[in-house]
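# Coordinate analysis (summary)
Next come the chains, spelled out residue by residue.
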Amino acid sequence: MLYPLLSKYIGFPLLGYILNGLYFSLIITGIVLSAFLFFRQMACTGYDTYRLRAFVVCSVIMIFPLGVISSRAANMFYFPPDQWSVSFFIDQFFSGSYQTFHAALILPLIFLMLIGQWFKFKKIHLIDSLFLYIPLGHAFGRSGCFLVGCCWGNLISFSLFGRTVSFHNPVPLYAIIF
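As the structure is a prediction and not an experimental result, all values here were calculated from the model.

## Brief notes about the nonpolar core
- Grouped together as the largest cluster of nonpolar side chains are 27 residues, with contacts concentrated most on Phe-38, Phe-55 and Phe-121.
- Mapped onto this core, the elements with two or more residues apiece are helix H2 (12-44), helix H3 (49-73), helix H5 (106-118) and helix H6 (123-148).
- A per-element tally of this core places H2 first, with ten residues.
- In contact with Phe-121, other than residues within four places in its own chain, are Met-42, Tyr-47, Arg-51, Leu-52, Phe-55, Gly-116 and Leu-126.

## Section: the pairing of strand S2 (residues 163-168)
- Here strand S1 (residues 155-160) runs beside S2; their pairing, made up of six bridges, is antiparallel. Counted as the bridge partner of Phe-158 is Val-165 from S2.
- Counted along the chain from S1 to the antiparallel partner S2, the turn is two residues long, and its residue Phe-161 has a positive phi close to 55 degrees.

## Examining the environment of Gly-116
- Relative to the elements of secondary structure, Gly-116 occurs in helix H5.
- Residue Gly-116 is classed as buried on the basis of its relative accessible area, which comes to 0%.
- For the pair Gly-116 and Phe-55, spaced 61 residues apart in the sequence, the C-alpha separation amounts to 7.5 Å.
- Residues within four places of Gly-116 in sequence aside, it is in contact with Phe-55, Phe-121 and Leu-126.

Thresholds, definitions, all that
Residues numbered from 1 in each chain as written. Predicted model: local features only at pLDDT ≥ 70, side-chain atom pairs only at ≥ 80, totals over all residues. Heavy atoms only, no water. Core = buried A, V, L, I, M, F, W, Y, C linked by side-chain atoms within 4.5 Å. Buried < 20%, exposed > 50% of the residue type's maximum accessible area, 1.4 Å probe, protein only. Helix = DSSP H or I, 4+ residues; strand = E, 2+ residues; numbered from the N terminus. Contact = heavy atoms within 4.5 Å. Pairing = 2+ DSSP bridges.

Printed below as a string of structure tokens:
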């Protein structure tokens, strides 16, 4: 969304840096805000704040890299199963052109559940608090997609009153709303 507006005034390498900075800052803002709200929710249930701080710090440090790994790892699912192999996975991971935003939730969720067990949190409290704030963090990340324009859907066209309108499907906007 911002690329067509700003590309008239800012050259490509600098514009790429600005848009990537905006994109990643919104993702990190979503992670930090969700972690803070998770901490407050879990503190209300009576858990030790020292343990909660340690959990939140470990989470904030590991969620972004694990999200990138699981997002890049999902690249191979864009190809037919007969092409899947360990070498293909590694090739897609390091040089693939796709990132799947929803797949970025897989490894962080597994990590959070495992360290939640290690910190001896009750599963019901952990799941309840995590799934209360993960959609908020996801919405922040998808707003970065929406503003930067990286994850828009295919070009769609429709006719209304004899006038044809074509635009890219704003998929991140749907994710933010729902």
